Amino acid sequence: MKKILVIGATGQIGSALMTKLRKEYGNDNVVAGYIEGVPLSDELKNGGPLEIADVTNAQQIAAIIDKYKIDSIYNLAAILSAQAEKRPLLAWNIQIGGVLNLLEISREKGCSLFTPSSIGAFGDSSPKMKTPQETIQRPRTIYGVSKVSCELLSDYYFYRYGVDTRSVRFPGLISYETLPGGGTTDYAVEIYYAAVKGEKFEIPVKAGTFMDMMYMPDALKAMVMLMEADPSRLKHRNSFNIASMSFDPEIIYNEIKKFYPDFVAEYRIDPVRQQIADSWPDMLDDSCARAEWDWKPDYDLESMSIDMIDHLKKKLL
Ligand code: AKB
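All values derive from a computational prediction rather than experimental measurement. (Residues numbered from 1 in each chain as written. Predicted model: local features only at pLDDT ≥ 70, side-chain atom pairs only at ≥ 80, totals over all residues. Heavy atoms only, no water.)

(A) A look at the sheet that holds strand β9 (residues 168-170). In spatial order, the strands read β6-β9-β13; together these three strands make up an open sheet with parallel pairing. What marks the edges here is a single partner per strand, and that holds for β6 (117-118) and β13 (240-241). Across two bridges, the pairing between β6 and β9 is parallel. Note that in β9 the partner of S118 across the bridge is F170. (Pairing = 2+ DSSP bridges. Helix = DSSP H or I, 4+ residues; strand = E, 2+ residues; numbered from the N terminus.)

What follows is the structure, given as structure tokens:
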């Protein structure tokens, strides 16, 4: 059985991934890595091994790998795009310094390493529609720069040292468990919360701003499928385009209005998020992921909305 460390286990992706991994691999085989001072859910506290794991502290991570004989690492520590523009050095230290620490540790200790990239790894000069797996990547955000660098470093460690690096380029992820923070796509999560709570919502990007989005269960499925994929089939190491739906604020607003006809949302544009969103693709081409490890999403906007609203009603009302 695999021995897994999840770094960033309290975050939007990490908290949902912990539940899935512990169900599939057994509680004792999945260590939750968190940052000191972050509040812990009862599920995490009581569900299995728990360790402080700061990705910028190589010695601390190496000690956890040795203590639990870890062979697979999911690295979900990140500063999201809009927040990173305010704190570029922190973003760099976590997204590059942290990843370099993990690549070195994986090289020394023979671990497989998953670190997500993002649609943010593309920029204005990348094709907007059906953005190919391999194309121009010249982002002008620190988030994008760090994601491209991380893709290249992971490629390098695979080709030079044989480190088993795996990655997907995540779209905006929509989930009901833990809120994201500081991302450009966060509005697509927050809009559901507002609708269910009966609150008015302010949309931070203009109508017509299309971005790839994905429901969290599909994102979790993608990570685990890729980490379990037969390495001999993987022609691409870093990082796979994956996609399931692409929409602009009008489309998601109208979808939610099917459930809440009185729901009111209006535009209040955040210039930083708008500029970032404008530089990102409208829709990725994920054919390489489909061909190399059988990627296929389960949810579209309609089925996601039904499930999301159902869960949020139980959580919030
Ligand atoms: C963000 O908006 O920063 C993230 C992402 C798409 O990488 N959700």
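(B) Region of the structure containing the pairing of strand β4 (residues 72-75). Residues S72 and Y74 point to one face of β4 and I73 and N75 to the other, with burial holding for every one of them. Note: strand β1 (residues 4-7) against β4, four bridges, orientation parallel. By the bridge assignment for β4, I7 is matched with N75. Two elements, β4 and strand β5 (residues 112-114), share three bridges in a ladder whose sense is parallel. The residue bridging I73 from the neighbouring strand is L113, located in β5. (Buried < 20%, exposed > 50% of the residue type's maximum accessible area, 1.4 Å probe, protein only.)

(C) Quick look at the environment of E202. Within the secondary structure, E202 sits in strand β11 (residues 201-203). On the accessibility criterion, E202 (42% relative accessible area) is partly exposed. In this structure, the C-alpha to C-alpha distance between E202 and A84, residues 118 residues apart in sequence, is 22 Å. Among all residues touching E202, those that are not within four sequence positions of it are E266 and R268. (Contact = heavy atoms within 4.5 Å.)

(D) Structural context of the site of the ligand. Taken together, L80, S81, S118, I119, Y143, P171, G172, G183, T184, T185 and W280 form the complete shell of residues around the ligand. Within the contact set of the ligand, an oxygen atom lies 2.7 Å away from a side-chain nitrogen or oxygen of S118. Interatomic distance of 2.6 Å between a side-chain N/O atom of Y143 and an oxygen atom of the ligand. About the coverage of the ligand: the protein hides 94% of its 250 Å² of free accessible area. Classifying every residue of the shell around the ligand gives five nonpolar, six polar and no charged. (Near = heavy atom within 4 Å. Polar contact = N/O pair within 3.5 Å; in protein donor to acceptor, adjacent residues only side chain to side chain. Areas by Shrake-Rupley, 256 points an atom, 1.4 Å probe, with all protein chains shown as cover. Nonpolar A, V, L, I, M, F, W, Y, C, P; charged D, E, K, R; others polar.)

(E) The arrangement of the sheet that holds β5 in detail. Strand order in the open sheet formed by six strands is β3-β2-β1-β4-β5-β8, with parallel pairing between adjacent strands. Two strands close off the open sheet at either side, each with one partner strand: β3 (50-52) and β8 (164-166). The mean angle between the axes of side-by-side strands here comes to 20 degrees, regardless of whether they run parallel or antiparallel. (Axes fitted to C-alpha atoms, helices over the stretch in contact; angles between N-to-C directions.)

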